[in-house]
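Okay, here's what each chain looks like letter by letter:
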Amino acid sequence: MAQMTMIQAITDAMRTELKNDENVLVFGEDVGQNGGVFRATEGLQKEYGEDRVFDTPLAESGIIGLSVGLSTQGFRPVPEIQFFGFVYEAMDAINGQAARMRYRSGGTKNIPITIRSPFGGGVHTPELHADSLEGLIAQQPGVRVVIPSTPYDAKGLLISSIRNNDPVVYLEHMKLYRSFRGEVPEEEYTVDLDKADIKREGSDITLIAYGAMVHSALKAADELEKEGINAEVIDLRTVSPVDYDTIIESVKKTNRVVMIQEAQRQAGIGGQVMSEIQERAILHLEAPVLRVTAPDTVYPFTAAEEVWLPDHQDIIEKAKQAINF
Amino acid sequence: MLKNSIEDIENQFEIIQILNEEGEIVNKEEMPDLSDDDLKELMRRMVYTRVLDQRSIALNRQGRLGFYAPTAGQEASQLGSQFAIEKEDYLLPAYRDVPQLIWQGLPLSKAFLFSRGHFKGNQMPEGVNAMSPQIIIGAQYIQAAGVGLGLKKRGEKAIAITYTGDGGASQGDFYEGINFAGAYKANNVFVVQNNQFAISVPVEKQSAANTVAQKSVAAGIPGVRVDGMDVLAVYKAVRDARERAINGEGPSLIETVTYRYGPHTMAGDDPTRYRTEELDDEWEKKDPLIRFRKYLEAKGLWSEEEENKTIETAKEEIKAAIKEADGVEKQKVTDLISIMHEELPANLKEQMEEYKEKESK
Ligand SMILES: Cc1ncc(C[n+]2csc(CCOP(=O)(O)OP(=O)(O)O)c2C)c(N)n1
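Residues numbered from 1 in each chain as written. Chains lettered and ligands numbered in written order. Predicted model: local features only at pLDDT ≥ 70, side-chain atom pairs only at ≥ 80, totals over all residues. Heavy atoms only, no water.

Chain B is annotated in an unreviewed UniProt entry as Pyruvate dehydrogenase E1 component subunit alpha of Salinibacillus kushneri. Regarding chain B, the relevant UniProt record gives this comment under Function (unreviewed entry): "The pyruvate dehydrogenase complex catalyzes the overall conversion of pyruvate to acetyl-CoA and CO(2). It contains multiple copies of three enzymatic components: pyruvate dehydrogenase (E1), dihydrolipoamide acetyltransferase (E2) and lipoamide dehydrogenase (E3)." (UniProt positions renumbered as here; feature names shortened; annotations may be inferred.)

An unreviewed UniProt entry lists chain A under the name Pyruvate dehydrogenase E1 component beta subunit, with Salinibacillus kushneri given as the organism. In the Cofactor (unreviewed entry) part of its UniProt record, chain A is described as follows: "thiamine diphosphate".

Structural data, given as structure tokens:
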């Protein structure tokens, strides 16, 4: 097995699918010769040619609209939105069009589009380059939202997304791109969509997170361990739709939950998960389901981001609150 | 059918130059009406802004600035166009257009605060009619149409000027902006600084159209393509467009053909991945400062002393401005909470208390 960073695993997944299926096309702003602004598509144009890996004109609605059209011709587009803060430009193309094409064709058309995009804070980017906007897409039926937190999951989930016949928005947390390496098989494999993963087993409390917050939750769990609190950490991996089976099973065991998201508190994935838990398992709860989020402001353009972003201390605090309830 | 000649259309958009690379006036009829003092001031601003660019890059590398998009190479396009507008005009810049904002009256220290992501860098001083630099490519273009229409409805003798790049001219907002402004004959001047690349993507890949200026045809507004390394040509084009707009004749589109010498931004872009050294050299020969300096020196309006004095002044003022920016209180989450709405809604009231406590630790 190879040791890869998350971004290497992502490149490897695209390479695998470009090789497996000649209908896979990779495109977006700067993804060709430049290999993407983060180098996620590094070398792919050289290997697979400009016909299959190419730069687009600068227009996000164009990129996704084009993808919808290409899918009607049997292609499997893997477009990139350079930073997810630019998704507003493509909201109609994604939520108003791609997500509704199967419905609009009476269930007959496949829309196998995988929209990749970097997101997330902590890397000192300018305005609209760090926002966690997964909730905007999650509200739309007909499209999945997938967010890996490890190199292994990143490759397997991206391959699954590309092979899936419905649209997927696949979000890559920028802070995880190169911050650590993990074991990634060189051969192809898939990780199931719509399935959460228990990243750490525990019996006293369940910490639910996704993206970079999985690592903050794991760090919090290590600290809590020193105080005799044994936390289970669930990585949602697909944030829409959510795998409630895994969550409820864990809740039945721990009876306490902290939901963690990097996004603002208002109307996010967290609120959705929490309300489902109380609907499905209220009698198993020993404390209110608590949450850790960012405040309801826009993402601070560089300055103040350390305080703005939730961290493991915030998680520890909430976990203790739940335990001592 | 389909017999109209694209070539004929494109031929109407040849590059207009007034000052050639040797510093000679090659187009007397278009020579703008500028006094000797104006000419010297334009040179001073270009030299100053080149120093500001070099210092900003250095400060960024030292971690003392945040977001920065280099400007060297584009001085004629940026400063010639800004020189053609008036204090009452309204400026909608993109992220690379900080120099225009500065010469329109934004204090340097605020430009540095903007780079650092501090909200005070976005607060325009009294009398500076401008938005802060736009990050979303193209968004300023359609907003500019609204500003231009507003000025027209108010009967102001003022215009809205906005900027984007060759890449930006592919965005829907670009087309919508010039189309709306045209439909309302709004008080607008639209500038596209065609610096040949949108990050790594060459302008040839943006469109089948060989010029940006010709996109004006579809919007039904006049367009012109000027040498963007020639400060006189840029000035004249914008001045004429402004004149038209305040006379109620509607918007214009100006393409300035230029080049960015540096990386796209200071966040890891490596131009050697997509540009050759030969291309860089070719463009550096067209440098806007070199030709204007030659022209002014021949007229006895500029000297090495003046150049050095300008450089020294720039360095001192930059140093003082950084010091001033350093002295501004660090941005807090509670600052952000307080600027989200005019009045704090309930959720933010709660969070204000929570973060006050966090920040006091
Ligand atoms: C809507 C949107 N899409 C993409 C980007 C990322 N991006 C920033 S600058 C840039 C290239 C812009 O090129 P151009 O318009 O030619 O202007 P230049 O930077 O050359 O001045 C891109 C793709 C963005 N900021 N906003």
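So, next bit.
Caption draft 1: The arrangement of the pattern of salt bridges in detail. Evaluation of the coordinates by the stated rule reveals 44 salt bridges over all chains. Between Glu50(A) and Lys205(B) there is a salt bridge whose closest N-O contact spans 3.6 Å. Highlighted residues: Glu50(A) in the loop between α2 (44-48) and β3 (53-55) and Lys205(B) in the loop between β5 (201-202) and α8 (215-219), drawn from two different chains. Across the salt bridge formed by Asp287(B) and Arg50(B), the nearest N and O atoms sit 2.7 Å from each other. With Asp287(B) in the loop between α10 (277-284) and α11 (288-298) and Arg50(B) in helix α2 (residues 36-61), this pair connects stretches of sequence that are 237 residues apart. (Salt bridge = Lys/Arg side-chain N within 4 Å of Asp/Glu carboxyl O. Helix = DSSP H or I, 4+ residues; strand = E, 2+ residues; numbered from the N terminus.)

Caption draft 2: Summary view of the domain arrangement of chain B. All names here are of chain B. According to the domain assignment, chain B consists of domain 1 (2-330) and domain 2 (331-361). The C-alpha-based centres of domain 1 and domain 2 are spaced at 37 Å. Each side of the interface is counted separately: domain 1 has five residues, and domain 2 has four residues. With both sides pooled, the region where domain 1 packs onto domain 2 buries about 450 Å², and carbon together with sulfur makes up 49% of that total. Taken as a group, Phe119, Glu329 and Lys330 account for 84% of the area that domain 1 buries against domain 2, more than any other trio of residues on that side. Residue lysine 332 is joined to glutamate 329 by a salt bridge in which the shortest nitrogen-to-oxygen separation is 3.1 Å. (Domains from an automatic or database assignment. Contact = heavy atoms within 4.5 Å. Buried area = accessible area lost by both parts, 1.4 Å probe.)

Caption draft 3: Focus on the packing of helix α8 (residues 213-226) of chain A against helix α12 (residues 312-323) of chain A. Residues and elements named next belong to chain A. Contact pair α8 / α12: the axes reach a minimum separation of 8 Å and the direction vectors enclose 55 degrees. Taken together, the axes of α8 and α12 lie oblique to each other. Like other packed secondary-structure pairs, α8 and α12 cross with a definite hand, here right-handed. Only His312, Ile315, Ile316, Ala319 and Lys320 of α12 make contact with α8, whose side of the interface consists of Ser216, Ala217, Lys219, Ala220, Glu223 and Leu224. Within the contact of α8 with α12, the residues separate by chemical class into six nonpolar, two polar and three charged. (Axes fitted to C-alpha atoms, helices over the stretch in contact; angles between N-to-C directions. Parallel < 35°, antiparallel > 145°, perpendicular 65-115°, else oblique. Left-handed = near helix turned anticlockwise from the far one by under 90°. Nonpolar A, V, L, I, M, F, W, Y, C, P; charged D, E, K, R; others polar.)

Caption draft 4: Quick look at the packing of helix α1 (residues 6-20) of chain A against helix α7 (residues 151-163) of chain A. Residues and elements named next belong to chain A. Two elements in contact, α1 and α7, have axes whose closest approach is 8 Å; the angle formed by their N-to-C orientations is 30 degrees. By the angle class used here, α1 and α7 are roughly parallel. The chirality of how α1 crosses α7 is right-handed. Facing Met6, Ala9, Ile10, Asp12, Ala13, Met14, Thr16, Glu17 and Asn20 of α1, the residues of α7 in contact are Pro151, Ala154, Lys155, Leu158, Ile159, Ile162 and Arg163. When the residues that make up the contact of α1 with α7 are grouped by side-chain class, the tally is 10 nonpolar, two polar and four charged.

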